Amino acid sequence: MNDGNQENLKELFEKFLDAEQAESCAEDVQKAEQILREHPAPEPDDMLIANIKAEIAMRLPAGRTYVFKQIAYKVVGIAAAVIILTAIGLRLFEKGNGEPGPVVYASIISTAIWESDDIAAVDANLAIFTVEIEQIENELLALRLGEDDGNGDRSVTELEMELIQINSDFWKG
Amino acid sequence: MTKSDDLAQIIIGCKNKDSKCFSQIVDMYASRCYGYFYRLTGNNDLSDELLSELFVKLVEKIGSYKGGSFEGWLFKIASNIFYDYLRAKQRREKLLDVQKKQIESQITEPKQSDNEQIDKLQIQLRKLDTDTRELIMLRFYSQLSFKEIAVIRSEPIGTTLAKLHRGLKKLRELMK
């Protein structure tokens, strides 16, 4: 035993001791280790070695199962994530190609107009409203420019009331 | 292919959970590790137990071996197993309120089986303290360099050299 270690003991001891002491120490170590070689320890029993190998073999499949389980969990996790993402993607895609949803113009133009199926009637109403608004605007302008018909403030108030009325009718559809 | 290349291949096999490679490691190191445990405990049954524990630990920890001296790594585990055993024994003994010195003598006191013969060396080894005995056996059975032993024991190489020289000199005197 100990043949594999080819250290130069004297050189090693010389790092800490003088040459003479180092030589003596190296000799002490070598002689003592010779005693150990002359008294070998008993060898392990063959049955013990067989039992150890059997125990190792028993433990290894458990390790493999554990590794397999870890891989399986990862694969299942990734598959689930892919399925969820695909489902979300398809849903979005279907929405993108489908019928357009209701246009949200209600806050600007009356919903009744947008939802009406009678385009001709809606167009006629819009034309009437437009003409009325233009007429009122002209009257307001004339009043402001001093082309009063004698009614003074009352005429302006009446016109404003009329404008509000038209506006209200317009938004009601 | 060199011996170290062979060992490297076997270790790779062990890391891949190849039972044949573990069997090869057992064949390669069982004798030396058994000698190490036997010289420390002086007891065959206990050495059997510790050797089994060592190889079970090897299976569990082979993934943490990151290269370097395999013997150094293996004997570090062996050393830890021995000291763990000592500590467990001491804890048990403390519960029974027995003196520490008595524990030491009980640990080294071989409980022989009927056909077991204790050699002179084993008798003299009992007279050395546990730490010195462990150092001598680590050096002899692991075949590690002093530098590697110092690393395992987390002490300066000069300390390792001095302790080993003192221990071996004493053993030589005892064996005369």
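What you see is a predicted model, and the numbers here were worked out from it, not measured in a lab.

1. Some thoughts on the nonpolar core
Ranked by size, the top nonpolar core spans 69 residues in total, and within it Leu51, Phe55 and Phe70 of chain B carry the most contacts. In terms of residues, this core owes the most to one element, helix 2 (residues 19-41) of chain B, which gives 12 residues. Residues in contact with Phe55 of chain B, not counting those within four places in the same chain, are Ile52 and Ile56 of chain A together with Ile25, Val26, Tyr29 and Ala30 of chain B.

2. Thoughts on the interface of chain A and chain B
Tallying the contact residues gives 33 residues for chain A and 45 residues for chain B. Contact between chain A and chain B buries roughly 3,700 Å² in total, counting both sides, with carbon and sulfur atoms accounting for 73%. Applying the counting criterion to the chain A and chain B interface returns 4 salt bridges. For the salt bridge of Asp27 of chain B with Lys53 of chain A, the shortest nitrogen-to-oxygen distance reads 2.7 Å.

3. A look at the packing of aromatic side chains
Residues and elements named next belong to chain B. For the structure on display, the rule yields 9 aromatic pairs over all chains. When the centroid spacing of 5.7 Å and the interplanar angle of 35° are considered together, the rings of Phe70 and Trp73 count as tilted. Highlighted residues: Phe70 and Trp73, both in helix 4 (residues 70-95), separated by 3 residues, approximately one helical turn. Taken as a pair, Phe70 and Trp73 share a single burial class, namely buried.

4. Details of helix 7 (residues 130-142) of chain B
Residue and element names in this part refer to chain B. Helix length check: helix 7, at 13 residues, gives a terminal C-alpha distance of 17 Å against a target of 18 Å (1.5 Å per residue), a fit within 8%. Burial within helix 7 is extensive, with 12 of its 13 residues counted as buried. The backbone nitrogen of Asp131 lies 3.2 Å from a side-chain oxygen of the residue at the head of helix 7, namely Asp129. In the stretch just after helix 7, Gln143 is the one whose phi turns positive, near 60°.

Criteria and cut-off values
Residues numbered from 1 in each chain as written. Chains lettered and ligands numbered in written order. Predicted model: local features only at pLDDT ≥ 70, side-chain atom pairs only at ≥ 80, totals over all residues. Heavy atoms only, no water. Core = buried A, V, L, I, M, F, W, Y, C linked by side-chain atoms within 4.5 Å. Buried < 20%, exposed > 50% of the residue type's maximum accessible area, 1.4 Å probe, protein only. Helix = DSSP H or I, 4+ residues; strand = E, 2+ residues; numbered from the N terminus. Contact = heavy atoms within 4.5 Å. Buried area = accessible area lost by both parts, 1.4 Å probe. Salt bridge = Lys/Arg side-chain N within 4 Å of Asp/Glu carboxyl O. Phe/Tyr/Trp six-rings, centres within 6.5 Å; stacked < 30°, edge-to-face > 60°. Expected span 1.5 Å × (residues − 1). Polar contact = N/O pair within 3.5 Å; in protein donor to acceptor, adjacent residues only side chain to side chain.

The analysis is restricted to geometry; functional conclusions fall outside its scope.
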